[in-house]
Amino acid sequence: MGNSTDDDSFDDDGFCNRLFNTSTASLPQDPFLPQQEPLVPTFLDTQGCLCQMQTDPSSADDSGLDPDADKKTFLWQCVGNQTGAATMEPSGKWYKTRDSAEGTDADLFRLPVNSAAHPLDAATPMTWDLQSKSFVKLSDGNNKDSRLSVWDAACTGENRTEFSTSFYQANEQLESNQDPTAAAPCWRSGAVPVQIQNVSDWQTTGCLEGFMCVNNTVNSLPQYCPPIQECQLARLASTVCQLNGSNVGMGPFEPVVCQAGRYCPPSGNGTVTRECPAGTYCQAGVSTPTPCTGGSRCPPGSTYQLFLVPVGLLVALDVLLVVGTLLLRHRRRLKASARGHGVSSLGFLEKQRASASSSIAAVIAGHRYKRVQDETGRVDEDGEMGPVMNATYVPGRQDTWSGFEAALDIPEQPVWSPIDVLNSPEAGLTPEIRAFVSSMSKATDAADFGLSFGFSELTFQPKGSQRPILQGVTGEIRRGTLTAVMGGSGAGKSTFVNVLMGKSEYTAGSVTINGAPGKLRQYKKVVGYVPQDDVVLPELTVRENLLHSARVRLPRTWKDADICAHVTAVIDCLELSHVSDSLVGSASKPILSGGQRKRVSIGMELAAAPMAIFLDEPTSGLDATAATSIMRTLKALARLGISVIVVIHQPRMEIFDMLDDLILLANGQLIYAGREADVQPFFEQLGFHFPPHANYGDVVTDIITGNGRPYKKTGDISKDALIGHWSASRQGSHGDDRTMEATVPQTHANMQRLLRRRGAPLWRQTQLCFARAMLQQYRAVATFWYEMCLATLAGFLLGLAEHAKQGVLFTGSYRGAYSILSVSSDLRSAPELALLVAIAVGLVGAAPGVRVFSEELLLHRREAEAGHSRLAYFAAKSAAAAPRMACACLHFTAPLLLLSAAVVPWGVAFPANLLYFYCVYGLASVVSMVVRREDAPLFATMLSLIVGILSGAAPPLRTVKGWHVEWLWRASPGVWLAELYFGQLVGPFAYLYDVEQAADASGFALDHLWRNLGVLAAIGTLYRVLAFAGLFAGKRIRM
């Protein structure tokens, strides 16, 4: 056995006090550090055991002296515990030499420390039995012998070159009276290591999964060393210290997390590392490679995957959309070119007529139209003549037909019926009007398709109001007349008309329609209303606007060919044939003239074959010629039998003379109700004088507004006096003897049957609205591409901002005893990514989400009041927005995941982002119902930012829980998106980090993927339910 030395350099505590300012006993065992001067051949085995060549202890007598000093057997003794005098005892494992070496003590001591002259035979391990004082052979691999300590039992007797080299270098340094830096347990000068794993823990668990423990054994347990300054800065930056691109510990026995781009298989117990193979990627600390998604790019040594399939899908989708758009536009240009080379612009109309019912086809057969020319004689090639025409289209040829106005040539008779019009040779109607009258008769299924209204003591007083808006209004509106409702501001004109149309419920009195009492609202399917503003869809053509109205509101038994023929007749009679395939355009980007837009608005109601039509200020905003033309058209409609009621203010003389009947109101009460021809005599009886050559319409307006003094020098001219005079005159005549004059009442049963047949079923309305919405999006293709570019830019910038992290968006505390080795935790990157995603999606989707409904709410209300299904409209618009949302989500998610390299699977990230788009669009729909159109995009964007900020990233959700307002955050879709991202970015690292601690610190749950997706879907649906309710109440609460 080796002898001890008196050299101070090998004093156990001398160098420790000098190097660490502590004693050896208080430090973890360092096998590299010689505890005694090695005088015989020595090496360290793979388990850090000190193996020295000794003489066979069985050859000594009881005195310890060898009886045969000239002949001794050399053996190898391997001891795990080197502290104290462990090597002086015959403990540990013993091995024979391969060459059965023998010699004297002098021979033994003459051998160098690093001698390999007599190699160890590791196949024959033995242990010394103190009782029998003899060697006991250990069975192969028996490391649990009770005579062996846990440290000695681990010895293998196999030389480990790196260990032995450090041992030899430290020995040389000590012999030279130098600090044994080769055996320093920490690289930081003066640093003292801390053992982080005991023997039992090491034997049970070994090296923690995801770590490299190259130098750690039972005799060199894992340690922690204070980092040097550079590595301390790296740890504060949440990164592992590296040297030449490789992770390094702060001491030879400090475990190191597995290198990114490589993996450390559990079978290697922290001693084996392999390069990540192609088709997989390995982030820092992985024990098994993560397979890449199919189609992703993952070369050998990848630390993240490149999602190429979504990018390829995105490019393919964009190419298909661009090519499809170009093909459709080319097809449209070919059609326009064909029309320009002699093909009748009305060829489509002729085909529709040919396929219509035989009665209509017989009327219009053989008629051909000539190309419409502008005033210069040039044929319009593209069908869009709006920009080159005057405010009103006036045919430049004397031999062209004049639409509905041709009906003014019908000789006036007390009552005209449609059958009379069709059969009377005196009528002399054009084929177009005959076709219109025929289809109207078919739609109404009656000999007379007009409505008459009778009202008695009609009163309307809103809830909470102290005085009624309408009071004691009695009179009638005759079938087939042009009736004007006139009065000053606040006279009750609009309220009166709304009551007759069933929009408002009267509070007293009675109303009859065609002589039969009933609820006015039920007649909305056969009553048309033209608002003052031309509420039409600018993205649709004239024909498309009318066709949609007809398909939704005409009898459901009609075939599409019949519907198209009816719409063609309406277009022809409204003199819109030359612009039938032109887009209507908007007020800011006009394509049609003002008069043409007004005719389109009227045509949308005529396309539904109404029995009565109400118009609010039909001449407002038009020049004198256009206004006169519109009124002549309305007069012609009344001549054909349709009841026409207009609210009008200060009409021209020509227009005033066209009116059949007048209803004059002031302060919600009647001043006059009767024929226009009788109004002058009526007021002259009251002392008013009508100047010659004056506009009688202006005179009447002045009188009924209380400004009639220029026409009556003396006497009472107040509105109350006029109201009182009318009331007295009616009492004196015991009522109006003309009430219900010339009215042919339809039976209640016939009318109910007619109403039941009107309107397409719900599924058909949904289909029509969906097709219209998709067509609108196609026509607004520039807006679509702006949105896609914005989504792509948002995803690109967000991904670029996260690219430097190379997909590492979470760093936590290492599990168990290795937590002391942790770098600075990063618990914020995962929820912050979700926060940025929520904000970006809000910016991308809020404004387009508002446009789904806000741009056409007025049109929807017009259609709903005419009998359209609100549910069908809302469902169709929401469904039509889904492809747009999906495209925007794809354009956003593809560059985001490509650049950020987040470990969120594509199959999770895309649905999650899509559902958040779904929520943002739903929230924007709610805003569009309650906020003015001009303010809605900004308001929706602000709300989207707010719900995004309430994602639990800042302030953290855990802090919010402490405030007891978690419910407010949970009401936001942002927090569910953040929880989903947190679980996907943190959960996969449960083998390496204490993810439960991270979840508790952040306040998020880890494994609630399906719950989070379900709640996002539920919130988006709830927003749409609120938006749908806003279709009913939005007008009252809109800010």
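The structure displayed is predicted, hence computed values, not measured ones.

Some points on the overall build of the protein chain
Step number 1: For the protein chain, the helix and strand inventory stands at 33 helices and 26 strands.
Step number 2: The burial tally for the protein chain puts 54% of its 1039 residues in the buried class.
Step number 3: Partitioning the contacts of the protein chain with sequence separation of at least 6, the portion at a separation of at least 24 is 72%.

Some points on the sheet that holds strand E3 (residues 74–79)
Step number 1: If you trace the six strands from one edge of the open sheet to the other, you get E1-E2-E3-E4-E5-E6, paired in antiparallel fashion. Two strands lie at the open edges of the sheet, namely strand E1 (42–44) and strand E6 (134–137), each paired on one side alone. Averaged over all neighbouring strand pairs, the angle between strand axes comes to 40°, with direction disregarded.
Step number 2: Along the sheet, helix H4 (residues 161–175) makes contact with E1 and strand E2 (50–55), crossing E1 at roughly 130°.

Section: the packing of helix H13 (residues 542–553) against helix H22 (residues 762–779)
Step number 1: For the pair H13 and H22, interaxial distance at closest approach is 10 Å and the crossing angle is 165°. Considered as vectors, H13 and H22 are oriented roughly antiparallel to each other. Crossing of H13 over H22 shows left-handed handedness. Listed contacts from H22 to Glu-544, His-548, Arg-551 and Val-552 of H13 are Arg-764, Gln-765, Leu-768, Cys-769, Arg-772, Leu-775 and Arg-779.
Step number 2: Of the residues belonging to the contact of H13 with H22, the class tally is four nonpolar, two polar and five charged.

Comments concerning unusual backbone geometry
Step number 1: Following Ala-954, the chain continues to Pro-955 via a peptide bond in cis, the omega torsion being 0°.
Step number 2: Notably, Asn-514 is not glycine yet its phi reads approximately 55°, a positive angle.
Step number 3: Here Asn-514 lies in the loop between strand E20 (508–513) and strand E21 (516–517).
Step number 4: Even without being a glycine, Ala-901 presents a positive backbone phi close to 55°.
Step number 5: Looking at Ala-901, the relative accessible area reads 4%, which means it is buried.

Here's the deal with the UniProt feature "transmembrane region" (unreviewed entry) in the protein chain
Step number 1: Under the feature "transmembrane region" (unreviewed entry), the UniProt entry names residues 306–328, 780–801, 833–853, 885–908, 914–931, 938–957 and 1013–1033.
Step number 2: For residues 938–957, helix accounts for 65% and strand for 0%, while the C-alpha atoms at its two ends are 28 Å apart.

A few points about the pattern of salt bridges
Step number 1: A complete count under the given rule lists 25 salt bridges for this structure.
Step number 2: One salt bridge connects Asp-660 with Lys-635, and the closest N-O pair in it is separated by 2.4 Å. Of this pair, Asp-660 sits in the loop between helix H17 (653–658) and strand E25 (661–666) while Lys-635 sits in helix H16 (residues 624–639), and the two are 25 residues apart along the sequence.
Step number 3: For Glu-979, the salt bridge is made with Arg-1011, and the minimal N-O distance between the two is 3.0 Å. Taken as a pair, Glu-979 in helix H31 (residues 973–986) and Arg-1011 in helix H33 (residues 1009–1037) lie far apart in primary sequence, 32 residues in all.
Step number 4: The exposure class of Glu-979 is buried, given its relative accessible area of 1%.
Step number 5: On the basis of relative accessibility, which here comes to 39%, the residue Arg-1011 falls in the partly exposed class.

Considerations on the sheet that holds E20
Step number 1: Here we have four strands laid out as an open sheet, ordered E18-E17-E20-E21, and antiparallel in their pairing. The open sheet has two edge strands, strand E18 (470–477) and E21, and neither has a second partner.
Step number 2: Strand direction decides the pairing type here: strand E17 (residues 453–460) and E18, joined by five bridges, are antiparallel. Within the sheet, the bridge partner assigned to Phe-455 lies in E18 and is Gly-475.
Step number 3: Set on the sheet, helix H12 (residues 493–501) makes contact with E17, E18 and E20; between it and E17 the angle comes to about 120°.

Focus: the state of the cysteines
Step number 1: This structure, assessed with the given rule, holds eight disulfides.
Step number 2: What pairs with Cys-258 in a disulfide is Cys-264, and their sulfur atoms sit 2.1 Å apart. Looking down the S-S bond of the Cys-258 and Cys-264 bridge, the torsion is 95°, so its handedness is right-handed.
Step number 3: With a relative accessible area of 0%, Cys-258 lands in the buried category.
Step number 4: Between the sulfur atoms of Cys-292 and its disulfide mate Cys-298 the distance is 1.7 Å. Its S-S torsion of approximately -105° makes the covalent link between Cys-292 and Cys-298 left-handed. This pair shows no difference in class: Cys-292 is buried, exactly as Cys-298 is.

Definitions and limits used
- Residues numbered from 1 in each chain as written.
- Predicted model: local features only at pLDDT ≥ 70, side-chain atom pairs only at ≥ 80, totals over all residues.
- Heavy atoms only, no water.
- Helix = DSSP H or I, 4+ residues; strand = E, 2+ residues; numbered from the N terminus.
- Buried < 20%, exposed > 50% of the residue type's maximum accessible area, 1.4 Å probe, protein only.
- Contact = heavy atoms within 4.5 Å.
- Pairing = 2+ DSSP bridges.
- Axes fitted to C-alpha atoms, helices over the stretch in contact; angles between N-to-C directions.
- Parallel < 35°, antiparallel > 145°, perpendicular 65-115°, else oblique.
- Left-handed = near helix turned anticlockwise from the far one by under 90°.
- Nonpolar A, V, L, I, M, F, W, Y, C, P; charged D, E, K, R; others polar.
- UniProt positions renumbered as here; feature names shortened; annotations may be inferred.
- Salt bridge = Lys/Arg side-chain N within 4 Å of Asp/Glu carboxyl O.
- Disulfide = S-S within 2.5 Å.

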